[in-house]
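Summary of the model geometry
Here are the chains, one letter per residue:
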Amino acid sequence: MKVAPAIEGARTVTAGHDKAIEIQMTEILAHFKGEKGELIPILQQVQQRFGYVPEQAMKRIAEFVHVPASTVFGIGTFYAQFKLVPTGRNIVKICRGTGCYVRGAPRIISEMENKLGIKDGGTTPDLEYTLETVACFGSCALAPVVVVNDKVHGRMTPDAAKKLIEKKN
Amino acid sequence: MSFEEIKREAASQWQAMHNSSRPRILIGTATCGMAAGAEDILQALGKELEKNNIKADIMQVGCIGLCYAEPLIEVTKPGKPSVFYGNLTPELVAEIVRDWLVGDNPRPDLAMGTRGEGTLEGIPKLFELPVLKPQIRIVLRNCGNIDPANIHQYIVNGGYEGFIKALKMKPQEVIDEMKKSGLRGRGGAGFPTGTKWQFCHDAPGTIKYIVCNADEGDPGAFMDRAVMEGDPHAVLEGMLIGAYAIGASEGYVYIRAEYPLAIKRLIVALKQMEEYGLLGDNILGSGFNFHIKIKEGAGAFVCGEETALMASIEGNRGMPRSRPPFPAQSGLWGKPTNINNVETWANVSAILQKSASWFASYGTEKSKGTKTFSLVGKVVRTGLIEVPMGISLREIIYGIGGGIPGGKKYKATQTGGPSGGCLPTSFLDSPVDYESLAAAGSIVGSGGMVVMDETTCMVDVARYFLNFTQSESCGKCVMCRLGTKQMLDILEEITHGKGRPGDIELLLEVGDAIKNGSLCALGGTAPNPVLTTIRYFRDEYEAHINEKRCPALACRALVSYYIISEKCQGCGICAKACASEAIKGGKRMVHVIDQSKCIKCGTCFDVCPAKFSAVAISSGVPVKAPAEPVPVGGKA
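Quick notes on the rules
- Residues numbered from 1 in each chain as written.
- Chains lettered and ligands numbered in written order.
- Predicted model: local features only at pLDDT ≥ 70, side-chain atom pairs only at ≥ 80, totals over all residues.
- Heavy atoms only, no water.
- Helix = DSSP H or I, 4+ residues; strand = E, 2+ residues; numbered from the N terminus.
- Buried < 20%, exposed > 50% of the residue type's maximum accessible area, 1.4 Å probe, protein only.
- Contact = heavy atoms within 4.5 Å.
- Areas by Shrake-Rupley, 256 points an atom, 1.4 Å probe, with all protein chains shown as cover.
- Lys, Arg positive; Asp, Glu negative; His and termini not counted.
- Charge placed at Lys NZ, Arg CZ, Asp CG, Glu CD.
- Pairing = 2+ DSSP bridges.
- Axes fitted to C-alpha atoms, helices over the stretch in contact; angles between N-to-C directions.
- Parallel < 35°, antiparallel > 145°, perpendicular 65-115°, else oblique.
- Left-handed = near helix turned anticlockwise from the far one by under 90°.
- Buried area = accessible area lost by both parts, 1.4 Å probe.
- Salt bridge = Lys/Arg side-chain N within 4 Å of Asp/Glu carboxyl O.
- Polar contact = N/O pair within 3.5 Å; in protein donor to acceptor, adjacent residues only side chain to side chain.
- Nonpolar A, V, L, I, M, F, W, Y, C, P; charged D, E, K, R; others polar.
- Phe/Tyr/Trp six-rings, centres within 6.5 Å; stacked < 30°, edge-to-face > 60°.
- Lys NZ or Arg CZ within 6 Å of the ring centre and 35° of its normal.
- Arc of directions from axis to C-beta.

The next point concerns the overall build of chain A. When its secondary structure is counted, chain A shows seven helices and four strands. Traced from its N-terminal end to its C-terminal end, chain A shows the element sequence α-α-α-α-β-α-α-β-β-β-α. Counting across all 169 residues of chain A, residues that qualify as buried make up 56%. For chain A, contacts bridging at least 24 residues in sequence account for 64% of all contacts bridging at least 6. Accessible area for chain A stands at about 7600 Å²; split by element, carbon and sulfur atoms hold 53% of it.

Written out as structure tokens, the structure reads:
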């Protein structure tokens, strides 16, 4: 199982200590009853809190909902939303939906990859940016679309997209 | 408070709003409006109103569907028809406030159209415009007209009347009404809704479930998002009616996490329903109990398939299972379950509010009512549309959509997303309904409609969809898991100029095997984009394979960029913009692209001034350009 240890500086886990994860997990789990049907909502909370799902958290969840850790891992790898390694402080998502595709998304993707020096799914070594492509945001009429930290930007060009991340720096 | 009292309160508020002496401004702040910059417009509005000392009511509404014109506002001055202004910038907002709210000039040069009683000189009626005239709004009846976060505005426009009517009927009568309406599932398969309800109603058991499938995963489709963001109660009222008819006491909305605003709107709407006794135990004193929970998807396209969706709600990997047993017999946690899609539920509330025969008066003999489509891609007026079933594709693309931008030639329309197919020019005059699209090898699907022009390569589009289905295949069925990979590999080779004779036949054979060997619709329909493009655009496949040529000049590996000597004026813009330093030139020299360095990014093509248009693309023929820069004018 290729799960990176919590890295210092990862989004909200400031120190990345096991202890910090443990405390936050207790907080998260306090809102749930421990039923099997809660497995995905719990993972979503963990993903949101830490920016990824640490191995330690998966083990905790497995005990909590009474399933083997392998089941939690299986679910964690099945759904695109869950990341098993820390993500950057800024998440750049580029839409590769059909509407965006025919209106020039592939070029935006390749130029952003060049600009950030990472591939789709990658994170810059300084944990500043994670680059993702997403199947569709449903803003197809304003294609192509780039989402930076949940803010949707429509009618993008490669240049305009690159400016979005320059502003951040 | 009784429903009658709620209604009276809602009506008096609505009346007060319309009789107000203040101007009213509606602004579209659905996700698409926001993406186009509605937030800046909202800020500019606040600033300009304050500056000019005008008190106005600003209301945030959902998407009216004119996405091409976003950001969009509707300005109503007391006693005047309201005026729509599109493609706004903060500067234009300042002009509109100054000229129309302070002054008395509605600015016909900026206005798109008017709505309401009366006319304004020089401004057309909005709903008489070609983009709106052919549209019939049932599902989108309130989108863009009401504040989605205000249940009163839904109620005053007929909201929850359908549910009240249903409560006075026997459950079987409600199901019969649904059958009479002819409504078919809008999620893609088109199964008759009334019949589906009947199965679940007749299934033995006291615990039954209702599910709203809001996992709108088709890339290029956003109808369901717009409805949930713009009119969430229309969907939830439909679920109430369905639950009553079937005998369910619990419901789920399974919604994809990529739609945060829609989730927010649903949560607000559910809270309001509970406050008004429209949700919970003993609803409106009828003895009928119903609860709704929201389940957020976690990013898996296959979860749009109903058995996978249920597995996901139960907390498992979203993998489909074989049917029977159908969900109506054994669904969520083994109990009878009825699943319908967002648009279907929004239709249900409308049918009960009006009547089954009213609904059935729209559409064709076998496809009743309307269908929403997200009209996107290479079309002038992109947006969300709702049209009666049976309208021709030409009316949609050239009438509503305004044709192809940039004077390009129409090539095809893709419907049904990764499960659908591409409809060629010959289909332009055929009706858009379940039967005709199926006969053409595509499907109505959930409503994505992506228009493609001559610059879109059909082999590349097929590859695009296969790439999508291949990565979204859950892996359960061998044919789908491995077959889509094989098809993708073949398509990759073809688009990279490595296609071999016999590839087309192989694609057809593998496609057929995947169709027959997959449990669910994801695999069963995954080959459709390839099969329809082979059926209608076989020549493009052959050009790629036999001549190593991409007729649309789209496949990177098969094209070359070059500079036309006669047109180049030596301005040097392209050389400066080229990231790979592949362009040689100099002042007043005809520039030359070094083919060995060119990565075919297309930047030079984009930046070359339109008055020169000196950069050209070729495929399958040797480049006609000098090897070294020569002086402009051709004289060495």
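The next thing to look at is the overall build of chain B. A tally of helices and strands in chain B yields 23 helices and 20 strands. Dimensions of chain B along its principal axes, counting C-alpha atoms only, are 90 × 70 × 40 Å. The buried share among the 636 residues of chain B stands at 59%. For chain B, the proportion of contacts with a sequence separation of at least 24, taken over those separated by at least 6, is 72%. Just so you have it, chain B exposes about 24200 Å², and 53% of that area is on carbon and sulfur atoms. A gap of 3 Å separates the mean positions of the 68 positive and 67 negative side-chain charges of chain B.

Before going further, it helps to spend a moment on the pairing of strand β2 (residues 129-134) of chain A. Residues and elements named next belong to chain A. Counting buried residues along β2, six of its six residues qualify, which places the element largely inside the surrounding structure. Burial of β2 is two-sided: the residues Y129, L131 and T133 facing one way and the residues T130, E132 and V134 facing the other way are all buried. Direction of pairing for strand β1 (residues 90-95) relative to β2: parallel, over a ladder of six bridges. Among the inter-strand pairings, V92 is bridged to a residue of β2, identified as L131.

Right, let's get into the packing of helix α1 (residues 18-29) of chain A against helix α2 (residues 39-50) of chain A. Residues and elements named next belong to chain A. Viewed as axis vectors pointing N to C, α1 and α2 meet at an angle of 135 degrees, and their least axial separation amounts to 10 Å. Classified by the angle their axes make, α1 and α2 are oblique. The chirality of how α1 crosses α2 is right-handed. On α2, the residues that touch I21, Q24, M25, E27, I28 and L29 of α1 are I42, Q45, V46, R49 and F50.

Turning to the interface of chain A and chain B, a few remarks are in order. Facing the 38 residues of chain A at the interface are 58 residues of chain B. The contact between chain A and chain B buries some 3400 Å² in all, and 53% of this surface belongs to carbon and sulfur atoms. Inspection of the region where chain A meets chain B yields one salt bridge. Put simply, chain A and chain B have 28 residue pairs in polar contact (both at pLDDT 80 or more) between them. For the side of chain A that touches chain B, a count of residues per class yields 18 nonpolar, 13 polar and seven charged.

Moving on to the packing of aromatic side chains. All names here are of chain B. The final tally for this structure, using the stated rule, is 16 aromatic pairs over all chains. On the numbers, 6.1 Å between centres and 50 degrees between planes, the contact of Y252 with W333 is tilted. One end of the pair, Y252, is in strand β7 (residues 250-255); the other, W333, is in the loop between α12 (306-313) and β9 (337-341), with 81 residues separating them in the sequence. For W333, a relative accessible area of 40% puts it in the partly exposed group. One residue, R256, lies across the ring of Y259, its end atom 4.9 Å from the ring centre. A cation over a ring is seen here: K371 above F373, with NZ or CZ 5.6 Å from the ring centre.

All names here are of chain A. Axis separation between α1 and helix α3 (residues 55-65) bottoms out at 10 Å; the angle between their running directions is 35 degrees. The two elements α1 and α3 meet at a crossing, and its hand is right-handed. For the pair α1 and α3, contact is made by D18, I21, E22, M25, T26 and L29 and by Q56, A57, R60, I61 and F64, respectively. By residue class, the composition of the contact of α1 with α3 is six nonpolar, two polar and three charged.

Our next topic: the sheet that holds β2(A). All names here are of chain A. Spatially, β2-β1-β3-β4 is the arrangement adopted by the four strands of the open sheet, whose pairing is mixed. Either end of the sheet is taken by a strand with one partner, and the two such strands are β2 and β4 (151-153). On average, each strand axis in the sheet is tilted by 20 degrees relative to the strand beside it, whichever way the strands run. When strand β3 (residues 146-148) meets β4, the two strands line up antiparallel, connected through three bridges. Across the sheet, V148 pairs through a bridge with K151, a residue of β4.

On to helix α7 (residues 171-181) of chain B, then. Residue and element names in this part refer to chain B. Residues V174, I175, E177, M178 and S181 constitute the buried set of α7. Burial along α7 is one-sided: seen end-on, the buried residues are contained in an arc of 155 degrees. Where the residues of α7 are buried, they touch α6 (161-167), α8 (193-202), α10 (232-246), α13 (342-353) and α14 (356-360). Residue G182 follows α7 closely and has a positive phi angle near 75 degrees.

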